[in-house]
Amino acid sequence: MTGLGVIAPNGVGSDAFWKATREGISFLDRLTRRGSENFPVRIAGQIRGFDPATMIEERLLVQTDRFTHVALAAADLALEDSRLPVDDLSPFAVGVVTAAGSGGGEFGQRELQQLYGKGPRHVGPFQSIAWFYAASTGQVSIRGGFKGPCGVVADDEAGGLDALAHARRSIRHGADAIVVGATEAGLAPYSMVCQMGWRELSRARDAGRAYLPFTTDACGFAPGEGGAMFVVEEEGAARRRGVPIRGFISGHGATFTGASRWERSREGLARAIRVALDDAGCAPEEIDVVFADALGVPEADRAEALAIADALGRHGTRVPVTAPKTGFGRAHCAAPALDVAAAVLAMEHRMVPPTPYVTDVCHELDLVTRSPRPAELRCALVLSRGLMGYNAALVLRGPEGDM
């Protein structure tokens, strides 16, 4: 990884994101998106400091949804960070891969209101593409002139990690660089209504009580929006360019255990971790920090804690575990992408960020709470599970921890 771009409730840009994440500052608050004020879900992580018009051309703003605005802006930040010489590369050697779960709900809602309120002649032509999960991949590739291997991963929340594995595979097959990541903007009324059937969504009305994984007070997760994009390229090419390497995608594993079958996710997640470790050539004891999925549902939290112990053995009870997303919400596919960004930054700064709001842990985990913890971090494990049953694990190494 040579480039990193973040648009999140707790910061626009990696510096602002890391500062808030490191200090455990919470950005969960009452959901104020117009039309959603009286929904059963009251607490969410909303992006408040992001004006798409300052980063994206008007012609693109009117034909894309908010989740694609976030992807375009984050991709720009990642490309700038990587200093990728796009003009010197063949356009067929640079690709784009994104993951998304909610799609363009805000754009779709607006056009459906036009359809039922005024008639079909008032529906814009971009309705056919703006809502689509692949919209961000398409728009980032068109805008950048990237004609290399492109794709979209639509396998629930785990897609945020699987997209990075997809990018790594494309690099191994000859691509020079891949712009990759996941973004979500699922807080519009239409999107929220589509999610109301999920029992895992927290109905708490107090931000301090809404998202408390690994505690006896766990009552689900608070949703969020935003995401992270990365530039991934072959190590030798990056070194020849003389640019800083921010991290390495060393191992990946994925399994499937069925929708909301949280007890079975123990076995599936443990298997994904073992596969990722084998892929990375990494012993369990080499993992210096775990960024947990942290669903906030008691049976799911228990399954995750046991999966970590199953896969890492005795080291699983000693390794620092964290879930910074409790401070800014769980943004579906973008949640693990933001965890990857946090993990890369944690390794760079030798600091494990805390898990906001959480204090009394009821599982045998060394969960980092209250304040950041200094540590030598060479290797990080990022975990993700989707509500539909996908499990994924990603092993990351910092530049000093690469084998």
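What counts and how
- Position numbers for residues count from 1 along each chain, tracking the sequence in the order it is written.
- For a predicted model such as this one, the threshold for reporting local features is a pLDDT of at least 70, and the threshold for listing and counting side-chain atom pairs is 80 or more; totals across whole chains, interfaces and linings nevertheless cover every residue.
- Only hydrogens and water are set aside when side-chain values are computed; all heavy atoms of the structure are taken into account.
- At least two bridges found by DSSP between two strands are what make those strands a pair.
- Numbered from the N terminus, helices here are DSSP runs of H or I no shorter than four residues, and strands are runs of E no shorter than two.
- Should any heavy atoms of two residues lie within 4.5 Å, those residues are considered in contact.
- Axes here refer to lines fitted to C-alpha atoms; in helices the fit is confined to the stretch in contact. Angles between the N-to-C directions go from 0 to 180 degrees.
- Here a crossing is called left-handed whenever its near helix is offset anticlockwise from the far helix by less than a right angle, and right-handed whenever the offset is clockwise.
- UniProt positions are given in the numbering used here, feature names are shortened, and annotations may be inferred rather than shown by experiment.
- Exposure categories follow from relative accessible area, calculated using a 1.4 Å probe and restricted to protein chains: below 20% of the type maximum is buried, above 50% is exposed, and the middle band is partly exposed.
- Source of the domain bounds: an automatic or database domain assignment.
- For any pair of parts, buried area is found by adding up, for both, the accessible area (1.4 Å probe) each one loses once the two are put together.
- Criterion for a salt bridge: a side-chain nitrogen of Lys or Arg within 4 Å of a carboxyl oxygen of Asp or Glu.
- Nonpolar residues are Ala, Val, Leu, Ile, Met, Phe, Trp, Tyr, Cys and Pro. Charged residues are Asp, Glu, Lys and Arg, and all others, Gly as well, are polar.

Q: What exactly am I supposed to notice about the sheet that holds strand 9 (residues 248–256) here?
A: The pairing of strands in a sheet happens through backbone hydrogen bonds and is either parallel or antiparallel. Sheet architecture is open: 6 strands sit in the order 9-16-15-10-11-13, paired in mixed fashion. Edge strands, defined here as strands with exactly one partner in the open sheet, are strand 9 and strand 13 (366–367). In the sheet, strand 11 (residues 320–322) pairs with strand 13 via 2 bridges, with the strands oriented parallel. Residue Pro-320 lies in a different strand from strand 13, and its bridge partner there is Asp-366. Where helix 7 (residues 159–172) meets the sheet, its contacts fall on strand 9, strand 15 (379–385) and strand 16 (390–397), and the angle it forms with strand 9 comes to roughly 125 degrees. Set on the sheet, helix 11 (residues 298–312) makes contact with strand 10 (289–291) and strand 15; between it and strand 15 the angle comes to about 140 degrees.

Q: Mind showing me how you'd approach the packing of helix 10 (residues 262–280) against helix 11 here?
A: Packed helices, taken two at a time, are described by the angle their axes make and the gap between the axes. Where helix 10 meets helix 11, the closest approach of the two axes is 8 Å, and the angle between their N-to-C directions is 35 degrees. Crossing geometry of helix 10 relative to helix 11 is assigned as right-handed. Contacts from Trp-262, Glu-263, Ser-265, Arg-266, Leu-269, Ala-270, Ile-273, Arg-274 and Leu-277 of helix 10 reach helix 11 at Glu-299, Ala-300, Ala-303, Glu-304, Leu-306, Ala-307, Ile-308, Asp-310, Ala-311 and Leu-312.

Q: Which parts of the structure should I look at to understand the UniProt feature "domain: Ketosynthase family 3 (KS3)" (unreviewed entry) in the protein?
A: With numbering matched to this structure, UniProt assigns "domain: Ketosynthase family 3 (KS3)" (unreviewed entry) to residues 1–398. Spanning residues 1–398, this segment combines 34% helix with 19% strand, and its end C-alpha atoms are found 10 Å apart.

Q: Any chance you could explain the environment of Val-232 here in plain terms?
A: Mapped onto the fold, Val-232 is located in strand 8 (residues 226–233). Distance in space between the C-alpha atoms of Val-232 and His-252 is 15 Å, their sequence separation being 20 residues.

Q: I would appreciate a short explanation of the environment of Gly-124 in the present structure.
A: For Gly-124, the location among the structural elements is in the loop between helix 4 (105–118) and helix 5 (127–130). Classification of Gly-124 as partly exposed rests on a relative accessible area of 25%. Linking Gly-124 and Glu-235, residues 111 residues apart in sequence, is a C-alpha distance of 44 Å.

Q: Looking at this model, I keep getting lost on the domain arrangement of the protein. Mind explaining?
A: Often, the extent of an interface is quoted as the loss of accessible area on bringing the components together. The domain boundaries assigned to the protein delineate domain 1 (3–241) and domain 2 (248–397). Taken over C-alpha atoms, the centre of domain 1 sits 21 Å from the centre of domain 2. Of the residues lining the interface, 61 residues belong to domain 1; the matching set on domain 2 comes to 65 residues. Together domain 1 and domain 2 conceal approximately 5100 Å² of surface at their shared face, both sides included; 70% is due to carbon and sulfur atoms. Summed over the shared surface of domain 1 and domain 2, the result is 3 salt bridges. Across the salt bridge formed by Glu-299 and Arg-199, the nearest N and O atoms sit 3.2 Å from each other. Mapped onto the side of domain 1 that touches domain 2, the elements with two or more residues apiece are strand 1 (3–8), helix 1 (14–23), helix 7, strand 7 (177–184), strand 8 and helix 9 (235–241). In terms of residues, the side of domain 1 that touches domain 2 owes the most to one element, helix 7, which gives 7 residues. Here the side of domain 1 that touches domain 2 is built from residues that sort into 30 nonpolar, 18 polar and 13 charged.

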